[in-house]
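The chain contents come next:
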Amino acid sequence: MPATRIGRIVVGILLIIGGVLGFLPVLGFWMIPLGFLVLSVDFPAVRRFRRNQEVRLGRWWQTRKANHKKRQKKKSEETPE
């Protein structure tokens, strides 16, 4: 990641533009989130969006793990030994 703010902005915007052109052979749609990640260093609005998505993903993951454990426990209780 570039050390200067201008460099990070340029790299972030180029990554997003490259991601929009992701249907081309060399570029990919994976570049869009990476561009936003680079831009989130310098822009509070993008940083808030990134942080909200991290929190949302973390909560989803915790819920998923808890539900998986419940299903495993219920399944083990139903199975006679």
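This report concerns the structure included in the present document.

Cut-off values and rules
Residues numbered from 1 in each chain as written. Predicted model: local features only at pLDDT ≥ 70, side-chain atom pairs only at ≥ 80, totals over all residues. Heavy atoms only, no water. Helix = DSSP H or I, 4+ residues; strand = E, 2+ residues; numbered from the N terminus. Buried < 20%, exposed > 50% of the residue type's maximum accessible area, 1.4 Å probe, protein only. Arc of directions from axis to C-beta. Contact = heavy atoms within 4.5 Å. Salt bridge = Lys/Arg side-chain N within 4 Å of Asp/Glu carboxyl O.

**Points about the environment of I13**
Stage number 1. By secondary structure assignment, the location of I13 is in helix α1 (residues 5-20).
Stage number 2. Along the chain, I13 and E77 lie 64 residues apart, while their C-alpha atoms are 54 Å from each other.

**Regarding helix α2 (residues 31-39)**
Stage number 1. Within α2, burial applies to M31, G35, V38 and L39. The buried residues of α2 all sit within an arc of 95 degrees when viewed along its axis, so they share a single face.
Stage number 2. Residues of α2 that are buried in the fold lie against α1 and α3 (44-78).

**Considerations on the pattern of salt bridges**
Stage number 1. According to the stated counting rule, one finds three salt bridges in the structure shown.
Stage number 2. Put simply, R8 and D42 hold a salt bridge, and the shortest N to O gap is 2.9 Å. Of this pair, R8 sits in helix α1 while D42 sits in the loop between α2 and α3, and the two are 34 residues apart along the sequence. Note on accessibility: R8 and D42 belong to one class, buried.
Stage number 3. Between R50 and E54 there is a salt bridge, and its shortest N-O distance comes to 2.8 Å. On the criterion of helical spacing, the pair formed by R50 and E54 is a turn pair, its members being four residues apart in helix α3.
Stage number 4. The class of R50 is partly exposed, set by a relative accessible area of 27%.
Stage number 5. Classification of E54 as partly exposed rests on a relative accessible area of 37%.

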